[in-house]
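Given next are the chains, with one letter for each unit.
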Amino acid sequence: MNANLYALLRDHFAEDAEQPCLLIPGGPVIHYDDLDATSARIANALSAAGCRPGDRVAVQTEKCWQSLALYLACLRAGLVYLPLNTGYQKSELEYFFADAEPTVIVCQPDAAESTAALRPQSTVLTLDGAAGTLLDRAADQRDSFEPISSMPDDLATIVYTSGTTGRSKGAMLSHRNLASNALTLVEQWGFTRGDVLLHALPVYHVHGLFVACHCALLSGSRMLWLPKFDAAEVIGLLPHATVMMGVPTFYTRLLADPSFDANVCRSMRLFVSGSAPLLPETFESFRARTGHAVLERYGMTETGMNTANPLAGERIPGSVGLPLPGVSVRIVDGDARACGPETVGAIEVKGPNVFGGYWRMPEKMREEFTADGYFKTGDMGEWLPNGYMKIVGRAKDLIITGGLNVYPAEIEEKINALPGVVESAVIGVPDPDFGEAVTAVVVIRPGDALNESELISVLKADIASFKVPKRVHMVADLPRNAMGKVQKNVLRAMYSSK
Ligand code: AMP
């Protein structure tokens, strides 16, 4: 059997080939057979440009329906798709191109010249329909392309991690990795042909490209395809959707709009959140406003999705739910022993979803996998007594102050619960006395007057004094990346000398 992911996707949408696939507000309706034909043409054009199975195709373009067709073209032609964040600049791109050695680079028209100068060894193309571009070349090609016969472990994509510590690493994901996770999620989240997924996530990240698109394509459902998240636009479109996947910021932005209410969500059956922690307050406010309990799940570039709250059953705020079927998740202490409930340890995962290693970094394989094949996620977590998992933060964010461990999430939870606090981030900054000093960066609701000394004295009455922040900085907002993750590395750099 052909393990090519495109063959699997096409098997599921083929019988409905004339059905709409992408609904583009203010733009065309793209049917499944349009997507199939366009991706076939692109696959033929890439082959004509000299790409052979296993070659890398690096892509840094704005989100459009043709960028999805390009991804599918790479799958079916056995090419390794390499999505790049649209925010990456020259020095970052230089590293990715030198590391991945793509045969073809597809970029934005205004970057064509600089990209060609950066990487003369690659064929540089732009996507859009002007003369000589990839879509122009594709227009002359045949609209059929039989998916290349792939083995399950053949490489489908390399996705570079965000690299907040050290060099970014290229996570190698196979056809099996992507397919197993997609099949599990379609089943777990009850996707059917009747669904309309509101898609406002970027497609250079696993959340938007794999989790969201695969669920829709594998179930033959439709996607409302938005170039980006805009709260007012999303509120206007939600009455036409049944499912939305988002990062926590989507949910806080929707709640910030007074017109967002249960009526807006009348046709929705499911809201999913991930990529960063969804604050319990956001979960509760969302439920109070709409009647919907957001389904929070946990995953990462290297593994796809690992755990999720259930579709039927209790969704617990502040928890990422239960291990997905087929995925083994364990939490271990410093001696690699399994932790009991309510004991923080390192999260490790194993399963068909887990990547095969980092591109051209075999030594990392030994460092980041255990002898029995579990991937060390770098996240810290604990089991709740009912078997659900709670994420406590990244191991590298753990603060060691005076030799004692402080888990930022515990302190952030306490601070967030104080009246007037919108959100907070707790970091460790170098300190001559303690090694690291606990420091809080706090967003206060406008008009509220909570100050540093009040906050510290309230916390002192509640938690051990070594956990209480030595300094509290009040800010208007926290720095976040496009996936809604608080950039603690930025905060550490900002507050280290203060
Ligand atoms: P990425 O590889 O960019 O998808 O980032 C993966 C990381 O995001 C994980 O290792 C976690 O640290 C974090 N993450 C993803 N989902 C959640 C979640 N639901 N709650 C808390 N952290 C999350």
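Residues numbered from 1 in each chain as written. Predicted model: local features only at pLDDT ≥ 70, side-chain atom pairs only at ≥ 80, totals over all residues. Heavy atoms only, no water.

Draft legend 1. View of unusual backbone geometry. Unusually for a residue other than glycine, S275 sits at a positive phi of about 85°. Here S275 shows up in the loop between β12 (270-273) and α11 (280-290). By relative accessible area, S275 is classed as buried at 14%. (Helix = DSSP H or I, 4+ residues; strand = E, 2+ residues; numbered from the N terminus. Buried < 20%, exposed > 50% of the residue type's maximum accessible area, 1.4 Å probe, protein only.)

Draft legend 2. The arrangement of the site of the ligand in detail. Around the ligand lies a shell of 14 residues, among which E296, R297, T301, D379 and K485 are the nearest. Backbone polar atom of R297 to a nitrogen atom of the ligand: 2.8 Å apart, as the coordinates give it. Notes on the ligand: free accessible area 500 Å², of which the protein chains cover 89%. A per-element tally of the shell around the ligand places strand β13 (residues 295-300) first, with five residues. (Near = heavy atom within 4 Å. Polar contact = N/O pair within 3.5 Å; in protein donor to acceptor, adjacent residues only side chain to side chain. Areas by Shrake-Rupley, 256 points an atom, 1.4 Å probe, with all protein chains shown as cover.)

Draft legend 3. Structural context of the sheet that holds strand β23 (residues 435-444). Read from one edge of the open sheet, three strands run β22-β23-β24, paired in mixed fashion. Each edge of the sheet is formed by a strand with only one pairing partner; in this case those strands are β22 (421-431) and β24 (471-475). Averaged over all neighbouring strand pairs, the angle between strand axes comes to 25°, with direction disregarded. Packing against the sheet, helix α13 (residues 408-416) makes contact with β22 and β23, and its axis sits at approximately 140° to β22. (Pairing = 2+ DSSP bridges. Axes fitted to C-alpha atoms, helices over the stretch in contact; angles between N-to-C directions. Contact = heavy atoms within 4.5 Å.)

Draft legend 4. How the structure looks around the pairing of strand β9 (residues 196-199). Residues V196 and L198 line one face of β9 and the alternating positions L197 and H199 line the opposite face, and both faces are buried. With helix α8 (residues 206-218) bridging β9 and the parallel strand β10 (residues 222-225), this β-α-β connection has right-handed handedness. Direction of pairing for β9 relative to strand β11 (residues 243-246): parallel, over a ladder of two bridges. Among the inter-strand pairings, L197 is bridged to a residue of β11, identified as V243. (Right-handed = clockwise from strand over helix to strand, strands pointing away.)

Draft legend 5. Focus on the pattern of salt bridges. Taken as a whole and judged by the stated rule, the model has 20 salt bridges. Two residues, E413 and K390, come together in a salt bridge whose shortest N-O distance is 2.9 Å. Of the two residues, E413 is situated in helix α13 and K390 in strand β19 (residues 389-394); the sequence distance between them amounts to 23 residues. Of the charged contacts, one joins D397 and R492 as a salt bridge, the two residues approaching to 3.1 Å between their closest N and O atoms. Taken together, the residues span a long stretch of sequence, with D397 in the loop between β19 and β20 (399-401) and R492 in helix α15 (residues 488-495) at a distance of 95 residues. (Salt bridge = Lys/Arg side-chain N within 4 Å of Asp/Glu carboxyl O.)

Draft legend 6. Region of interest: helix α7 (residues 175-188). For α7, built from 14 residues, the straight-helix expectation of 20 Å at 1.5 Å per residue is met to within 8% by its first-to-last C-alpha distance of 20 Å. Burial analysis of α7 places 10 of its 14 residues in the buried class, which makes it a mostly covered element. Turning to α7, its buried residues number three or more, namely H175, N177, L178, A179, S180, N181, A182, T184, L185 and V186. In this fold, the buried residues of α7 make contact with α1 (5-13), α3 (65-76), β7 (155-160), β8 (170-174), α8 and β14 (304-308). The first or second residue beyond α7 is G190, which carries a positive phi of 65°. (Expected span 1.5 Å × (residues − 1).)

Draft legend 7. Spatial organisation of the sheet that holds β14. The strand order β2-β1-β10-β9-β11-β12-β13-β14-β15 describes an open sheet built from nine strands, whose pairing is mixed. What marks the edges here is a single partner per strand, and that holds for β2 (29-31) and β15 (322-323). Alignment of strand β1 (residues 20-23) against β10, held across two bridges, turns out to be parallel. Across the sheet, residue L22 finds its bridge partner in β10, namely M223. The strands touched by α3 within the sheet are β1, β2 and β10, with β10 carrying the most contacts at an inclination of about 130°.

Draft legend 8. Just the packing of aromatic side chains, in detail. Counted by the stated rule, this structure contains 17 aromatic pairs. On the basis of an interplanar angle of 55° and a centroid distance of 5.6 Å, the ring pair of Y95 and F96 is categorised as tilted. Residue classification places Y95 among the buried positions, given a relative accessible area of 15%. Judged by its relative accessible area of 3%, F96 is buried. With centroids separated by 6.3 Å and ring planes inclined at 70°, the aromatic side chains of Y95 and Y160 adopt a geometry described as edge-to-face. Here Y95, found in helix α4 (residues 90-100), pairs with Y160, found in strand β7; they are 65 residues apart in sequence, far enough to count as distant. Judged by relative accessible area, which is 7%, Y160 ranks as buried. One aromatic cluster in this structure is built from Y88, Y95, F96 and Y160. (Phe/Tyr/Trp six-rings, centres within 6.5 Å; stacked < 30°, edge-to-face > 60°.)

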